[in-house]
Amino acid sequence: MTMNERGWCWQELGGVGWWRAEPLELFGVGAVFASRRGGVSPPPYDTLNQGGSGGDDPRRVAENRARFARAAGFALDASARVRQVHGAAVCLARAPGDYGEADALIATGSDAVLTVLVADCAAIQLLDPGRRAIGLCHAGWRGVVADAPGAAVRALRDTYGSDPGGLWAAVGPCIGACCYEVDRPVTQALRAAVPWADAVLSPVDAIHARFDLAEANRLRLLDAGLEPSRIHLAGICTACHPDRLFSYRRDGRRSGRMLAAIWTP
Ligand SMILES: [Zn+2]
């Protein structure tokens, strides 16, 4: 096990590799983010692809999901899933199962293992330790514009009475500003949505800018009332690490997907 300076631990078991968000796990929950290592899929899904929509063999995807769940220590049949649509809808997962179109889930106690799939977008794990309430949110640039992170925080507040200032958050590996150049539709949507767009956009030329997705999600969480000291960014770029991570921008439409999960044992 190795831990980076931000409290994200790299873990390997039986060839399967993943990260744990230690600042959240210290409260006794599971908060994990899969790598691409340790599965059975051939290129371009090699090897631990957990996404079913990219063209990989469903039997291999099922085996990869089973391997990851076993290694990371959660029950696959306890999973709650959503069909991610880059919006800000939040679903209340009272039990395992498929919840249709949404980009965030919340739960309490051991109702369900919350899961999302990503490959460049951010997965944001949320925890209210006192109320044993958890949340998980998928947010790329569209999710930032729609304020998916803020919607998940407000859902925890409105459903369980969570104080946003007492929440802990972990933002998983996602595409970094080093590798994420965006054009005018993205910059205009960001500028229309938030007052701090220039803090997360570094101009390249008149049209293009590099976009810091993790920082944008952090600022959305701060706007929602979280304390800076309780937000932990992995600081790992998906596109920069082909040995460990899938990247949609780098690999294209047939990219694999990584699973992020959070649960209360
Ligand atoms: Zn990069």
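Here, the structure is the one placed above.
Residues numbered from 1 in each chain as written. Predicted model: local features only at pLDDT ≥ 70, side-chain atom pairs only at ≥ 80, totals over all residues. Heavy atoms only, no water.

Which residues make up the environment of Ala155, and what values do they have?
With respect to the helices, strands and loops of the structure, Ala155 is situated in helix H4 (residues 148-160). As for Ala155 and Ala104, which are separated by 51 residues in sequence, their C-alpha atoms are 9.6 Å apart. When sequence neighbours within four positions are dropped, the list of residues in contact with Ala155 reads Val90, Ile106 and Tyr160. (Helix = DSSP H or I, 4+ residues; strand = E, 2+ residues; numbered from the N terminus. Contact = heavy atoms within 4.5 Å.)

With reference to specific residues and values, describe the sheet that holds strand E11 (residues 133-139).
Pairing is mixed in the open sheet, where six strands are placed in the order E6-E8-E11-E10-E12-E16. Every other strand in the sheet has two partners, leaving strand E6 (90-92) and strand E16 (231-233) as the edge strands with one partner each. Sheet twist, expressed as the mean angle between neighbouring strand axes with direction ignored, is 15°. Pairing geometry for strand E12 (residues 168-171) and E16, over three bridges, is parallel. Considered in E16, the bridge of Ala170 is made with His232. Against the sheet, helix H7 (residues 213-223) contacts strand E10 (122-128), E11, E12 and E16, and its axis sits at roughly 175° relative to E16. (Pairing = 2+ DSSP bridges. Axes fitted to C-alpha atoms, helices over the stretch in contact; angles between N-to-C directions.)

Tell me about the coordination of the zinc ion, and name the residues and values.
Cys178 (SG), Cys179 (SG), Cys237 (SG) and Cys240 (SG) make up the full set of protein donors to the zinc ion, lying at 2.3 Å. Expressed as a motif, the donor residue spacing for the zinc ion is C-C-x57-C-x2-C. With relative accessibility at 47%, the residue Cys178 sits in the partly exposed group. (Donors = N, O, S within 2.8 Å, 3.2 Å for Na, K, Ca; no water. Buried < 20%, exposed > 50% of the residue type's maximum accessible area, 1.4 Å probe, protein only.)

Explain the nonpolar core residue by residue, including any values.
The biggest cluster of nonpolar side chains holds 48 residues, and the ones touching the most others in it are Leu24, Val32, Phe33, Phe68, Phe74, Leu105 and Leu114. Element by element, the count of residues in this core is highest for strand E17 (residues 258-263), at six residues. Setting aside chain neighbours within four positions, we find Phe74 in contact with Val32, Phe68, Ala69, Ser79, Val113, Leu259, Ala261 and Trp263. (Core = buried A, V, L, I, M, F, W, Y, C linked by side-chain atoms within 4.5 Å.)

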